[in-house]
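Here's the letter readout for the chains.
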Amino acid sequence: MTERHEEIDDPLHTIVGTGKPPVIAPGHTFSTVTDKISAIVLTRPTGLGWYAGFGISFLLTLLLFVAVSYLVVEGIGIWGNNVPVGWAFEITNFVWWIGIGHAGTLISAILLLLKQTWRTSINRFAEAMTLFAVACAGLFPAIHTGRPWLDYWLLPYPNTMGVWPQFRSPIMWDVFAVSTYATVSALFWYIGLLPDLATLRDRSQSKTGRVIYGMLAMGWRGSAHHWHRYETAYLLLAGIATPLVVSVHTVVSFDFSIAILPGWHATIFPPYFVAGAIYSGFAMVLTLAIPIRAAYGLEDFITLRHLQNMAKVMLVTGLIVVYGYMTEMFMAWYSADKFEVFVPYNRLTGPYAPYYYALLFCNAVAPQALWFRRVRSSPIGLFVIAIIVNIGMWLERFIIIVTSLHRDFMPSAWGRYAPTIWDWSTFVGTIGLFLALLFLFLRFLPMISIFEMRTILPGAKVDEDLRVI
Amino acid sequence: MARTPTIYGLMAEFEEPTALVNATDLARREGYSVMDAYSPFPIEELHEALGSHHTRLPLIVLVGGILGCVGGYALQLWASAVAYPINVGGRPYHSWPAFIPITFECTILAAALSAVLGMLALNGLPMPYHPVFNVPRFALASRNRFFLCIEAKDPKFDLEATRRFLETLNPREVSTVAD
């Protein structure tokens, strides 16, 4: 087995005495950390793999442009959703993407407040992932309105029509929650980048690089006064982003739970959605981190410790999600309401039952392999499980939306839903957009926070014994 | 010795964070007050060694958050009850529980914007030009070197004496910073 082989040979596998792999490989200094991470952007030749990856994802992005253009010309009749299944693919994708974003904020904000140093090498690209995922997510409700060119009506501004948005509607809450989330994530990411942009400015060999990174770095010079305010601001942002990350998926779950539809109208929805969001987010971070670390040779910085810890977070949040499934079942039975009882019955035996069983396998059964240390220590094993969880979490949103809508109260109003080629094109297109943005990010910005990596080096601590005063 | 107006200050370069903190401590004991220390990552002790005060940033964020909270709620109340009152399923115009999510989001948004813009404003960023960048070796301040710059504005600053003092701190190099 490959992982057995790794356990013996990998010098990063354990810190002597603790049995845990280190968060950074031994032997690194301020300069090696700086040079190794900035070289990916500045000096390393861009590999063929990058061009291939970016090329394919850019083609898929073009597919998205085609799908959305055709939608604007023709209207949402090109999609498979119709009464009674009015939400279907587009809202499934929206919830899936926004959920993925949650891991980035969780890693950067909550783990910072909890002083988890292992967050340092993964927070930057997890935040980038958040931004790109939120961009993909935001697209869906916008095009789902049917007339996307009138989306600005959702914004509260004084207008000649004399109308104001309906603030009692969860859709408005969504607008505010998602746009706040996107803004705060972008701020967090940019502020985190500021000192590293200064590093790139100082190390860039080309004039263009110096000018562009220089403008983005805003003249950052690492003054002690600046660092002090910077750290205060960063900590405050983390404190502000922590309730935000919990609130966003709560508001998304309100879109469902405020409605009186059986299968949606449940108080378990907010915590269940938040746990699911973190679960799918960590699955996506692992899906991205494992190939990136191999492709760029970053095993020194993204060690097995990071992968193991993320696997543990996935295991815990996965169990919370399973608890959510059980609560849904229990509440349906306990309500003694025949429409509520029908929801799980329909999921288990109705036309979408195969997807429900697939969802249970992906989200509840497969991740139980993470109980074993051998699996948690195997990048390939983790990658496979992360992919399974990504699929499972997508299926979960599909099941929640479609099975609840397609058979509600009156059998005469029942219906079926099947996606069309345009549903698929839009979804696959956003995956392309997400990956294309990610490839650009990997190429042009430091994917690991250089200055935070310096702070976790042994030499970064001021030695109190050597202080003169 | 007369002060030269075209000089911004004198800058000493160190290789270790501890050396920089010690140098800053000693410079302060020597009586220098107008100086700044530069490092490639935040060093908690450095801020104290420079004798700086607490930052006003938390207060700015608090005020921003409160304004966002009040503003967000007022917007919804005014739009839903005054400017455009609509009866939705018999709910009161001032249906406060429904206004909480947006009020919360506005609080977060305003607080986060105040934290970032406040930090940049207090730090005087963006600043396209600063004299310290005139020292070529200062490029290493964002990599692995630590710098202490005593500015010419300091009342005790004297090109010769200050340079001699900085030399005693065992720096790697002392450079003159042109303004």
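Q: Got a minute to help me understand the interface of chain B and chain A in this structure?
A: The partner chain A presents 56 residues to the 60 residues of chain B that form the contact. Within the residue set of the side of chain B that touches chain A, elements represented by two or more residues are α1 (17-30), β2 (35-38), α2 (44-49), α3 (57-83) and α4 (96-122) of chain B. Tallying contributions element by element places α4 of chain B first for the side of chain B that touches chain A, with 14 residues. A class-by-class count of the residues in the side of chain B that touches chain A yields 40 nonpolar, 13 polar and seven charged.

Q: Help me understand the nonpolar core, please; the structure alone is not making it clear to me.
A: General note: in soluble globular proteins, nonpolar side chains tend to be found buried as a group. Membership of the largest hydrophobic core comes to 183 residues, with the highest contact counts inside it found for Val285 of chain A together with Ala115 and Leu148 of chain B. Each of domain 1 (7-54 + 129-178) and domain 2 (57-122) of chain B accounts for three or more of the residues forming this core. Here Ala115 of chain B is in contact with Ala233, Leu236, Leu237 and Ile240 of chain A together with Leu57 and Val61 of chain B, once residues within four sequence places are set aside.

Q: Would you mind showing me how to read helix α5 (residues 123-144) of chain A here?
A: For an α-helix the count is 3.6 residues per turn, leaving residues at separations of three or four pointing the same way. Residues and elements named next belong to chain A. Taking 1.5 Å per residue as the helical rise, α5 with its 22 residues ought to reach 32 Å, and the 32 Å between its terminal C-alpha atoms agrees with that figure. When you tally the buried positions in α5, you get 18 out of 22 residues, the bulk of the element. Gly146 sits one or two residues past α5 and shows a positive phi near 95 degrees.

Q: Sorry, what's going on with the packing of helix α4 (residues 88-113) of chain A against α5 of chain A here?
A: A pair of packed helices can be characterised by two numbers: the angle between their axes and the separation between those axes. Residues and elements named next belong to chain A. The N-to-C vectors of α4 and α5 enclose an angle of 155 degrees; their axes lie 7 Å apart at closest approach. The orientation of α4 relative to α5 falls into the category roughly antiparallel. Every pair of crossing elements has a handedness; the one defined by α4 and α5 is left-handed. Residue composition of the contact of α4 with α5, grouped by class: 15 nonpolar, eight polar and two charged.

Q: I'm lost on unusual backbone geometry in this one. Help?
A: A negative phi angle is the norm for most residues apart from glycine, just as the trans form is the norm for most peptide bonds. With an omega of 5 degrees, the peptide bond between Val83 of chain A and Pro84 of chain A qualifies as cis. In the segment running from Leu125 of chain B into Pro126 of chain B, the intervening peptide bond is cis, with an omega of -5 degrees. Within the chain, Lys115 of chain A stands out as a residue other than glycine whose phi angle is a positive 55 degrees. Inspection of the secondary structure assignment puts Lys115 of chain A in the loop between α4 and α5.

Q: Explain the sheet that holds strand β4 (residues 173-178) of chain B to me, please; I cannot follow it from the model alone.
A: Pairing between the strands of a sheet is mediated by backbone hydrogen bonds and can be parallel or antiparallel. All names here are of chain B. Pairing is antiparallel across the open sheet formed by four strands, whose spatial order is β2-β3-β1-β4. On the outer flanks of this sheet lie β2 and β4, each paired with one strand and no other. Each neighbouring strand pair of the sheet contributes to a mean axis angle of 20 degrees, computed without reference to strand direction. Pairing of strand β1 (residues 7-14) with strand β3 (residues 146-151) involves six bridges; the strand directions are antiparallel. Within β3, the residue paired with Met11 across the bridge is Cys149.

Q: Honestly, the confidence of the model for chain B in this entry has me stumped. Any pointers?
A: Caution is warranted with low-pLDDT regions, since their predicted coordinates should not be read in detail. Across chain B, the average pLDDT comes to 88, with 97% of residues at 70 or higher. Taking the mean pLDDT of every element in chain B, the minimum, 84, falls on α2 of chain B and the maximum, 95, on α3 of chain B.

Q: Would you mind going over the packing of helix α6 (residues 170-203) of chain A against helix α7 (residues 207-217) of chain A with me for this structure?
A: All names here are of chain A. Two elements in contact, α6 and α7, have axes separated by 8 Å at closest approach and are oriented at 155 degrees. Classed by the angle they form, the pair α6 and α7 counts as roughly antiparallel. At the point where α6 passes α7, the crossing takes the left-handed sense. The segment α6 lies against α7, with Leu194, Leu197, Ala198, Leu200 and Arg201 engaging Arg210, Tyr213, Gly214, Leu216 and Ala217. Its residues assigned to classes, the contact of α6 with α7 comprises seven nonpolar, one polar and two charged.

Q: Explanation requested: the environment of Cys149 of chain B in the structure shown.
A: Structurally, the position occupied by Cys149 of chain B is in strand β3. Residues Cys149 of chain B and Ala74 of chain B, spaced 75 residues apart in sequence, show a C-alpha to C-alpha distance of 49 Å.

Parameters at a glance
- Residues numbered from 1 in each chain as written.
- Chains lettered and ligands numbered in written order.
- Predicted model: local features only at pLDDT ≥ 70, side-chain atom pairs only at ≥ 80, totals over all residues.
- Contact = placed C-beta atoms within 7 Å.
- Helix = DSSP H or I, 4+ residues; strand = E, 2+ residues; numbered from the N terminus.
- Nonpolar A, V, L, I, M, F, W, Y, C, P; charged D, E, K, R; others polar.
- Core = buried A, V, L, I, M, F, W, Y, C linked by C-beta atoms within 7 Å.
- Buried ≥ 20, exposed ≤ 12 C-beta atoms within 10 Å, placed from the backbone.
- Domains from an automatic or database assignment.
- Expected span 1.5 Å × (residues − 1).
- Axes fitted to C-alpha atoms, helices over the stretch in contact; angles between N-to-C directions.
- Parallel < 35°, antiparallel > 145°, perpendicular 65-115°, else oblique.
- Left-handed = near helix turned anticlockwise from the far one by under 90°.
- Pairing = 2+ DSSP bridges.
- pLDDT = per-residue confidence, 0-100.

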